[in-house]
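Topology and contacts: notes
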Amino acid sequence: MMDSEQPIPGEQPTESPAWSKRVPFQVDVGGIIQLMGESLYSRPEVAVRELIQNAHDGIMRRRAEEVTFQGRIDLRQDPERHLLEVSDDGIGMTPEEAETYLGTLGLGISGWIKGRGDTAGASNLIGQFGVGLLSGFLLAERIVVVSRHRDDDRAVLWEAGSGTDILLASAERESCGTTVRLHLKPDFAAFAEQEELLESVIRQYAEFLPLPIYLNEGGQRVNVGTAAWLETTPDRRAVEMELESYFGETPLEVIPVRVERPVTVRGALYVTPQRTPGFTDAPTLTVTVRRMVISRRLQGLLPDWAPFIRGVVELPECDPTVSREDLVRNVRFAWVQEELDRAVFSHFEKLVESDPKRWETLIAWHRYLLAGAALAHEPLRRLLGRSYRFSTSQGLLTFEQIFKRSRGRPGFDSDADYVLWYNPNRHQESWMNTLFLDYPAPCVHTLRSFEETLLALMAADLAAEGCDIDVRIAGPGSPDFARSVLGMGDLGEAPPVWQDFLGSDRVRVLVGRFAPRIPVMAFLSERAELYKTFEELKKSGSVPAGFQRLIDAHFSGDVPRPNEVVLNLDHRLVGRALEQSPGTPLGSVVRLLVGKALATAGWVPDRPAFQREEDDLMWIAEALWGRDSRPGGD
């Protein structure tokens, strides 16, 4: 280990240096202010927010000493001289405080009060970092402050521009408080000219601030100063109406939030009517800290499984970042995450019990989002198991209802107490409904991309608790399907010559015995069809490399089960044909029956299949013509 007392080679001057001197750091204040603005703040109008915040803290400090004092904040525009002024009647500053706190980057009065542990004086203060005033340089080329402390007859003038010097001088001010005047840069003259611009900024950041904010000596305050969700006992209807007004959309369901421990959270969440595409859009939230808006699109607090949730919460104990456009990710942030997750989920649990119709309406509206989120969230999955309705051969059923009706049949499903049958192929929905018409258990139609996985995971949750349950695709290739569901016996592979004649790499041909009136049964595998299509595209070289990697990952280690056809040995025509070679006209009739069964199941024939069909028809026709031309015929 290197001795800290020993000089490091190369870091010492020569024994007799030709020259040596010490110089102070040169600080370019203008450059620091520009860097601060570009690094900390995303928009220049946040400077107005910072000045309102400083005015708020000055008034709250005076309130702490004068119980009956109310206070107000005034913004004034002077378009002729390109001035924007923010004034308050708070506690003000002494000349000494102005010199110490306004001229030192990173040292602010509010932050100093909080840092010394004065909880009584700090509980309502917003500022912390001592950069609020200097953010004014985002808009201004020069800032002038005039302030007078409540307990001091002297007023002080503080002035700074783009140079390194700050002017401090005595000034005149009739009453205590502080006025900050921004001499705006030409690019930001609109802040001195457009009332609508300032009104928008005030409402964006200080809408809920309890202190009244006035613009250009107007008779009415610009900000509302409160919100229904901040009341001690909020009225549900009032909260719903104010959320609709604030967010510009009608909530489908309102979720009040009021938590005191381990961290204070007050506000309201709601289910948005916007159907967010996909399952990955992060839910966003409006957050206020001591009523000042930190962000209207803060991410990370709402549960990932609920991207359809929006809302607004007041978090007086959370710590804003230096830019005040986000929150510090600390233990308090984690506590809020847990409390919001608990609030949303417990509200949904209560809906399932107290108002199931309302819950079903939410599921119907956000079906894809809820089901998709449940794939990775077991508590939600269990909740949906009682309420999410799958399409089945017996109508719309919840997983709980499906499970209760799917007890294994003794002598058939001998290896499982419960067997859940499912069909992933939309084209086979009607066909499967027919096959399961007299069967006690339903066939679940997992027609949406996520439902097959959702069904399997719900079953896996029960299996983890010790339930003997199996999930099987409805098709003759699945154990016990032919015997249990179809009542089919002697199921086996077709003779190789018939497999070659009737099948292909896309169709597996089986033989069995079932209802004599049905010659052929066909069962499609959409996954197999998709796999075959991708394989053909891969061979043609028309698939981009990146897309091909996704395809390979999707089918990794899982070559899909092929389409399946079952020939009925008990059907007179089919049984007789199988006793002969495939090349007979009767064999062509069977191949046409196979094609019809596949088409009924939704199979789209390719060009060779169309050619085979034409050849079969011609061969049958020739056989009939030949029979008609026998002696005695026409």
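Notes on the structure in this doc start here. Along every chain, residues carry numbers that run from 1 in the direction the sequence is written. Given that the model is predicted, a residue must reach a pLDDT of at least 70 before its local features are reported, and side-chain atom pairs must reach 80 or more before they are shown or counted; all residues, however, enter totals for whole chains, interfaces and linings. Excluded from the side-chain calculation are hydrogens and water; included are all heavy atoms of the structure.

Details of unusual backbone geometry
Following Arg261, the chain continues to Pro262 via a peptide bond in cis, the omega torsion being 0°. A positive phi angle is found at Asn216, which is not glycine, with a value near 55°. Note on conventions: DSSP H or I runs of at least 4 residues are helices, E runs of at least 2 residues are strands, and numbering of each starts at the N terminus. Within the secondary structure, Asn216 sits in the loop between β7 (213-215) and α8 (236-247). Three exposure classes are used, based on accessible area relative to the maximum for each residue type with a 1.4 Å probe and protein chains only: buried under 20%, partly exposed in between, and exposed over 50%. Relative accessible area serves as the criterion here: at 24%, Asn216 is assigned to the partly exposed category. Positive phi outside glycine occurs at Glu217, with the angle close to 60°. The residue Glu217 is located in the loop between β7 and α8 in this model.

Observations regarding the pattern of salt bridges
Here, a salt bridge means any Lys or Arg side-chain nitrogen found within 4 Å of an Asp or Glu carboxyl oxygen. One pass over the full model with this rule turns up 38 salt bridges. Arg150 is the partner of Asp151 in a salt bridge, and the nearest nitrogen-oxygen pair spans 3.3 Å. Note on Asp151: relative accessible area 57%, which makes it exposed. On the basis of relative accessibility, which here comes to 28%, the residue Arg150 falls in the partly exposed class. For Asp461, the salt bridge is made with Arg381, and the minimal N-O distance between the two is 2.8 Å. Residue Asp461 is found in helix α15 (residues 451-464), and its partner Arg381 is found in helix α12 (residues 378-385); the two are separated by 80 residues along the sequence. Here Asp461 matches Arg381 in class, with each residue buried. Salt bridges linked by common partners bring Arg62, Glu65, Glu66, Arg150 and Asp151 together as one network.

As for the side chain of Ser295
As for its placement among the helices and strands, Ser295 is situated in strand β11 (residues 292-299). A residue is classified by how much of its surface remains accessible, and Ser295, at 13% relative accessible area, is buried. Within the structure, the side chain of Ser295 is placed 3.2 Å from the backbone nitrogen of Leu298, a separation counted as a polar contact. Setting aside residues up to four positions removed in sequence, Ser295 forms contacts with Leu285, Thr286, Val287 and Glu325. What qualifies as a polar contact is a pair of N or O atoms within 3.5 Å, subject to a donor-acceptor requirement within protein and to the restriction that residues adjacent in sequence count only when both atoms come from side chains. Two residues form a contact once any of their heavy atoms are found within 4.5 Å.

Side note on the packing of aromatic side chains
The geometry of an aromatic ring pair is captured by the separation of the ring centres together with the interplanar angle, meaning the angle of the planes. Classification of ring pairs uses Phe, Tyr and Trp, with its six-membered ring standing for Trp, and accepts pairs whose centres are within 6.5 Å; under 30 degrees between planes counts as stacked, over 60 as edge-to-face, and the remaining range as tilted. For the structure shown, the criterion picks out 18 aromatic pairs. Residues Trp305 and Phe345 carry aromatic rings whose centres are separated by 6.0 Å and whose planes lie at 85° to one another, so their mutual orientation is edge-to-face. A residue pair is termed long-range when its members are at least 10 positions apart, and Trp305 in the loop between β11 and β12 (309-314) and Phe345 in helix α9 (residues 331-354) qualify at 40 residues. Under the relative-accessibility criterion, Phe345 is labelled buried at 13%. Site record: aromatic cluster; members linked through ring pairs are Phe208, Trp229, Tyr246, Phe247 and Tyr270. Whether a charge lies above a ring is judged from NZ of Lys or CZ of Arg, which has to be within 6 Å of the ring centre and within 35 degrees of the ring normal. The ring of Tyr205 has Arg49 lying over it, and the distance from NZ or CZ to the ring centre is 5.3 Å. Cation over ring: Arg72 sits above Tyr214, and NZ or CZ is 3.8 Å from the ring centre.

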